[in-house]
Amino acid sequence: MKKSALFLMLSSLLLLGACCADQPVKTASSRSPVDIHNARNALDYEGTYRPHALIPANGLSEIEIRDQNRYRYITGTGGKVTGTFRWDDTGSRIILEHAADTPLVFFVGENYLKLLSAGPQEGLVFQKE
């Protein structure tokens with residue numbers, strides 16, 4: 001009787017130890033994957049954008065983002081400016097290079113651009129048509 005109780009206890013411990021050994025061990029290498037999506041590679045950003053607010057005469061009344069990093073914008077007085085833009089390192093902002101001292105910087109969101117450059121229109125949101 002003592003032998004069978006001892007055998008039962010040892011086999012239970014052995015079975016319990018075998019079940020615990022199958023559990024995955026978390027290590028430093030089992031991290032969640034890094035999300036590499038940004039506006040540049042995940043959004044359909046090309047198109048025409050217009051502000052939903054009154055603009056000053058020298059402000060932007062329309063921005064067109066084109067393929068091959070080209071843009072065109074129209075001022076409130078009807079002046080047209082074309083050029084190329086570049087993306088910032090995060091892929092979430094575009095920088096319009098032009099003759100002015102300070103380039104125009106826009107945050108690119110889902111169907112909108114938000115002007116980040118300092119000036120009278122700073123923070124203005126342009127909606128995609």
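Thresholds, definitions, all that
Sequence positions are assigned chain by chain, starting from 1 and proceeding in written order. Per-residue local features of the predicted model are confined to residues with pLDDT of at least 70, and side-chain atom pairs are confined, for both listing and counting, to 80 or more; whole-chain, interface and lining totals are unaffected and use all residues. In computing side-chain properties, one takes all heavy atoms of the structure into account and sets aside hydrogens as well as water. Classification of ring pairs uses Phe, Tyr and Trp, with its six-membered ring standing for Trp, and accepts pairs whose centres are within 6.5 Å; under 30 degrees between planes counts as stacked, over 60 as edge-to-face, and the remaining range as tilted. Only protein chains enter the area calculation, which uses a 1.4 Å probe; residues under 20% of their type maximum are buried, those over 50% are exposed, and those in between are partly exposed. A helix here means a DSSP run of H or I that spans at least four residues, while a strand means a run of E at least two residues long, and both kinds are numbered starting from the N terminus. Only protein atoms enter the 1 Å grid used here. Points where a 1.4 Å probe fits but cannot escape make up a cavity, open sets with protein on both sides within 12 Å along at least five of seven lines make up a pocket, and a residue lines them when an atom lies within 4 Å of a point. Grid points are joined across faces, edges and corners, and a volume is the space filled by probe spheres set on the points. For this classification, the nonpolar set comprises Ala, Val, Leu, Ile, Met, Phe, Trp, Tyr, Cys and Pro, the charged set comprises Asp, Glu, Lys and Arg, and every other residue, Gly included, is treated as polar. Pairing between strands requires that DSSP locate at least two bridges from one strand to the other. Lines are fitted to the C-alpha atoms to define the axes, a helix being fitted only along its stretch in contact, and any angle between axes, read from their N-to-C directions, falls within 0 to 180 degrees. The nonpolar core is taken to be a set of buried Ala, Val, Leu, Ile, Met, Phe, Trp, Tyr and Cys residues, with the residues joined through side-chain atoms within 4.5 Å. Should any heavy atoms of two residues lie within 4.5 Å, those residues are counted as being in contact.

Trainee: It is not clear to me how the packing of aromatic side chains should be interpreted in this structure. Could you clarify?
Mentor: What describes a pair of aromatic rings is the distance from one ring centre to the other and the angle between the planes of the rings. Under the defined criterion, the tally for this structure stands at 5 aromatic pairs. Ring centres of phenylalanine 85 and tryptophan 87 lie 6.1 Å apart, and the angle between their planes is 75 degrees; this geometry places the pair in the edge-to-face category. Accessibility classification places phenylalanine 85 together with tryptophan 87 in one group, the buried group. Pairing phenylalanine 106 with phenylalanine 126 gives two aromatic rings, centres 5.9 Å apart and planes at 80 degrees, and the pair type is edge-to-face. With phenylalanine 106 in strand 6 (residues 104-109) and phenylalanine 126 in strand 8 (residues 125-128), this pair connects stretches of sequence that are 20 residues apart. Site record: aromatic cluster; members linked through ring pairs are Tyr45, Phe85 and Trp87.

Trainee: Just checking my understanding: could you explain the layout of surface pockets for this structure?
Mentor: Which parts of space are left empty comes out when a probe the size of a water molecule is rolled across the atoms. What the largest pocket holds in volume is close to 290 Å³. Of the residues contributing to the lining of the largest pocket, the split by class is 7 nonpolar, 8 polar and 1 charged.

Trainee: Is there a simple way to explain the pairing of strand 7 (residues 112-115) in this structure?
Mentor: In summary, the side chains of a regular strand alternate between the two faces of the sheet. Residue alternation in strand 7 divides its side chains into a buried set, Leu113 and Leu115, and an unburied set, Tyr112 and Lys114. Sheet analysis places strand 6 next to strand 7, joined by 4 bridges and oriented antiparallel. By the bridge assignment, phenylalanine 107 is partnered in strand 7 with lysine 114. Two successive antiparallel strands, strand 6 and strand 7, enclose a turn made up of 2 residues, where asparagine 111 displays a positive phi of approximately 65 degrees.

Trainee: Sorry if this is basic, but what is going on with the sheet that holds strand 2 (residues 60-65) here?
Mentor: Note on sheets: strands pair through backbone hydrogen bonds, and any given pair is parallel or antiparallel. If you trace the 8 strands once around the closed barrel, you get 1-2-3-4-5-6-7-8, paired in antiparallel fashion. Mean inter-strand twist for the sheet, computed between neighbouring axes without regard to direction, equals 30 degrees. Both strand 2 and strand 3 (residues 70-75) contribute to a ladder of 5 bridges, which runs antiparallel. The partner of isoleucine 63 across the bridge, within strand 3, is tyrosine 73.

Trainee: Would you mind going over the nonpolar core with me for this structure?
Mentor: Soluble globular proteins tend to bury their nonpolar side chains together. Ranked by size, the top nonpolar core spans 19 residues in total, and within it Ile65, Ile94, Phe106, Leu113 and Phe126 carry the most contacts. Elements that contribute at least two residues to this core include exactly strand 2, strand 3, strand 4 (80-87), strand 5 (93-96), strand 6 and strand 7. Excluding residues within four positions of it along the chain, phenylalanine 106 makes contact with Leu60, Ile63, Ser92, Arg93, Ile94, Leu96, Leu113, Lys114, Leu115, Leu116 and Phe126.

Such coordinate-based values are descriptive only and should not be taken to indicate function.
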